[in-house]
Amino acid sequence: MLGTMWRKDIANNKLITAILFIFIMISSLLVASSASMLLELFRSVDDWFEKAAVPHFVQMHAGEIDQREIEAFANGSKLVKDQQTVEMISIEPAHVYFGASGESEAGSVMEMSIVKQNKAFDFLLDLTNNRLDVLPGEIAVPIYFKQQQGLEIGDTMRIAKGSFSMTFTIADFVRDAQMNPSIVSSKRIVVSDSDWETLKGYFAEKEYLIEFLLHDGERTSEFEQLYQSSGLPHQGPAITSAQFRLLNALTDGVAAVVILLASLLLIAIAFLCLRFTMLAAMEEDFYEIGVMKAIGMAGEHIRRLYLMKYRMIALLASLAGYVLSLFTERAFIANRSLYMGTAEKNALSYTVPLLGAVCIFLLVMMFCRFVLRRFKRISAVEALRSGSIPSKGGMSGLLKLHRSRVIPVHLFVGMQDVFVRIRTFGLLGLVFTLCFFLIIVPANFLNTMKSPDFITYMGAGRSDIQIDMRQTSDAAQRYNDMLAYIQNDSDVEKYSPLVTSSYKLRSEDGVYENVSVQTGDFSLFPLAYLSGAAPAQNDEMALSYLHAKERGKQLGDTLTLLAAGKERELKITGIYQDVTNGGKTAKALLPYEAQSVLWYMVSLNVKPGVAIGEKTAEYAAAFHPAKVTLMEDYLSQTLSSTISQLQKITVLTSTAALVIAILITALFFNMLIVKDASDIVIMRSLGFSLKQIRLQYIIRSLVVLLAGMVLGTAAAGTLGQGAVSVLMSFMGAARVAFVVNPLVAYIWIPLALIVVVIITTLFSSLAVTGAGKGAGAAKSF
């Protein structure tokens, strides 16, 4: 009997059942997909890192080294399992040509290095995660260039310098666990041992990766302190395997977390929809509930009648979402599959997303039980007497019909009804708020990452051009010549010389550690500090967010630094955001010695009207071999993968939100019109036309939608911005301020929602004629 009742109920409420099913299914789909993405991301990274034998600690160094000294240190440490030093030949992008286009990579912000396959560990892998074996005349290029240049196996790459030219055939693409992500601006290109020796004779600039494999990866921090206090080469950043993992998981991790947040919003919308339909069903069946109670049927038994229907819908929808997730995940793993491959599926690959779908089912059932507690408060006498749930009133006193002076009566009635039934329309308004939030937050986040202002989250002030010069034997003289050239350039509006050097910082236990500190004038291209301000005196220092967090330092605390052979006690005056160099950097006004310099840098702005592209080309020729970067290109090239993923997510969430707005509007007004059938008859008898009545429903939807968009905008600027800040804090940016595109956020997105809601309400209001006739027939009978 229960099954028969349930099937009849489904048949009589096809639209409501279908919409509920879709909402729960999409929620289950997204939760299962995001859970699967996060699981498979970590499994893929683990599998890839194991095959690549990623080192636990890497010290980058520009300058000469004594390998025997390094080996003696490694042999004397019980922590070290193996050590190798990778020699890299630095190649300027201007000397690299892909394909037959004849154009060099002079505009690339990537630092290219030619290497050969490693022997002990840190293996460079191909697209099947096997060790690369490159033959003479062949070359393997990073996946980044495959994406950027559209390269394929069999294409050519030419390296040319002066009269020297050497052409290679691209035999494979490199998966490099250290330098794979686009956000890492260094890239390793693999050639055969013999070709590497040939290139070494023409390109003198070298850089080293001093790599260590430890017996216990959990003791990497201990080993890092030991190395930094050893006096071994350290002219460059030091990176650990944990940082390699974070950088590689960043792009797909952001995508998975954003999808998870979107799924939570969809769950909230599904629950609101579920509550509305359940209460509407209870109101429609109020008299029948009274009859069942009057004949002695227990409230728990009546509740079970309703729960059976929603249990079946939730079960089937959750399973459908899980099954779909097994196929739709492929749309989001293309980037991960290309850059790191995919681990073989195991039991967890199917169990974890299934658990996500089961959680959705259980949450729906718990919510249903919570809503159906109302059965306990229903009186059989009241239900039989009134036949409907008593109204709890609204805000009818707020607007009065006689106050309408300008607005036509039929429009005023529609507006007034929203306030009279504020509890009913408030539910629709909350759904509209969540829909707008679901669209606007990813759109604002995407616009923020594409904005030139995002450079401030990378530890640098916004400028037109940035010039970087590595430390070499003559770098100091070339740097002074460059500053003189820029100072005499009438096209330059302002410039700021900055030097990054290595200093010794005393830790809490008295051990001196190497730390990279940038010195210079920080007022010309200022950062937005999380707290405090830039150092203004030579006894002050600013730390990046992750650096301060790691050391447990706050504003006003002090650090002891060894500079120019003397200990200096520096007061922390500012904490800023930086997602580069592992997020651990510092700024201070300190004297530096030429031998301790890691690199030189100049940030500058040109005067209005000056062609920035031409000025960049001029500087690239004048300051060769310094790296001259147009900062707009730097952001687009280093964040390309993350931006691409965010674009996909923005399209997905926007489409989902618009579909939800259509479905919930159709559901809401179809049920509302049936409920208002008798009122429609009364309005018809008072002289209101069908057109005027339909327009009332459109006015109701617009009033609620506008209120929802206002609330959604406020929530996006607070809750949404906060959620993104929490996500970015793992990278080193703890407080992200959205850069809003007014045209998109305040015109196109609201306009899209308004159009779909008006059209949906218009089609739903076509049922007004049927509702009026039905009510009229009932009254005459």
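Residues numbered from 1 in each chain as written. Predicted model: local features only at pLDDT ≥ 70, side-chain atom pairs only at ≥ 80, totals over all residues. Heavy atoms only, no water.

*Asks:* So what exactly am I meant to see when it comes to the overall build of the protein chain here?
*Replies:* For the protein chain, the helix and strand inventory stands at 23 helices and 20 strands. Within the protein chain, buried positions represent 53% of all 781 residues. Per element, the accessible surface of the protein chain, about 34,100 Å² overall, is 59% carbon and sulfur. (Helix = DSSP H or I, 4+ residues; strand = E, 2+ residues; numbered from the N terminus. Buried < 20%, exposed > 50% of the residue type's maximum accessible area, 1.4 Å probe, protein only. Areas by Shrake-Rupley, 256 points an atom, 1.4 Å probe, with all protein chains shown as cover.)

*Asks:* How should unusual backbone geometry be read in this particular structure?
*Replies:* Most of the time, phi is negative for any residue but glycine, and the peptide bond is trans. Within the chain, Ala53 stands out as a residue other than glycine whose phi angle is a positive 50 degrees. Backbone geometry at Asp122 places phi at a positive 55 degrees, although glycine is not the residue there. Examined against the element boundaries, Asp122 turns out to sit in the loop between strand S4 (111-115) and strand S5 (138-142).

*Asks:* Even after reading the chapter, I still don't get helix H11 (residues 347-371), so can you show me in this structure?
*Replies:* Quick reminder: α-helices carry 3.6 residues per turn. Residues three or four places apart thus point the same way. Taking 1.5 Å of rise per residue, the 25 residues of H11 would be expected to cover 36 Å, and the 36 Å separating its terminal C-alpha atoms lies within 8% of that figure. For H11, every residue scored as buried is listed here: Ser349, Pro353, Gly356, Ala357, Ile360, Phe361, Val364, Met365, Phe367, Cys368 and Val371. Among the residues of H11, the N-terminal cap falls to Asn346, whose side-chain oxygen and the backbone nitrogen of Leu348 are separated by 3.1 Å. (Expected span 1.5 Å × (residues − 1). Polar contact = N/O pair within 3.5 Å; in protein donor to acceptor, adjacent residues only side chain to side chain.)

*Asks:* For this particular structure, what's the right way to read the environment of Asp578?
*Replies:* Assignment of secondary structure puts Asp578 in the loop between strand S17 (566-576) and strand S18 (586-588). C-alpha of Asp578 to C-alpha of Ser729: the two residues are 151 residues apart in sequence and 9.8 Å apart in space. Engagement of the side chain of Asp578 in a polar contact is seen with the side chain of Thr585, the distance being 2.8 Å.

*Asks:* Would you mind going over the nonpolar core with me for this structure?
*Replies:* Nonpolar side chains tend to gather and get buried jointly when the protein is soluble and globular. Phe23, Ile114, Val141, Met157, Leu199 and Phe445 are the most contacted members of the largest nonpolar core, which has 162 residues in total. If you tally residues by element for this core, the top one is helix H7 (residues 241-284), at 20 residues. Non-local contacts of Phe23, meaning those with residues more than four positions away in its chain, are made with Ile269, Ala270, Cys273, Ile660, Leu663 and Ile664. (Core = buried A, V, L, I, M, F, W, Y, C linked by side-chain atoms within 4.5 Å. Contact = heavy atoms within 4.5 Å.)

*Asks:* Looking at this structure, how should I read the packing of helix H19 (residues 640-675) against helix H21 (residues 690-729)?
*Replies:* For any two helices packed against each other, the geometry comes down to the angle between their axes and how far apart the axes lie. Between H19 and H21, whose axes approach to 12 Å, the crossing angle comes to 135 degrees. Overall, the two elements H19 and H21 adopt an arrangement that is oblique. As H19 runs across H21, the sense of the crossing is right-handed. Contacts between H19 and H21 involve Phe669, Leu672 and Ile673 from the former and Tyr697, Arg700 and Ser701 from the latter. Of the residues contributing to the contact of H19 with H21, the split by class is 4 nonpolar, 1 polar and 1 charged. (Axes fitted to C-alpha atoms, helices over the stretch in contact; angles between N-to-C directions. Parallel < 35°, antiparallel > 145°, perpendicular 65-115°, else oblique. Left-handed = near helix turned anticlockwise from the far one by under 90°. Nonpolar A, V, L, I, M, F, W, Y, C, P; charged D, E, K, R; others polar.)

*Asks:* What am I meant to see in a nonpolar patch on the surface here?
*Replies:* On the surface, a nonpolar cluster with roughly 970 Å² of combined accessible area is contributed by Leu743, Val744, Tyr746, Ile747, Trp748, Leu751, Val755, Ile759, Phe763 and Leu766. Considering the arrangement of structural elements, one finds Leu751 in helix H22 (residues 742-764). (Patch = residues over 30% accessible without salt bridge, like charges linked within 9 Å, V, L, I, M, F, W, Y side chains within 5 Å. Salt bridge = Lys/Arg side-chain N within 4 Å of Asp/Glu carboxyl O.)

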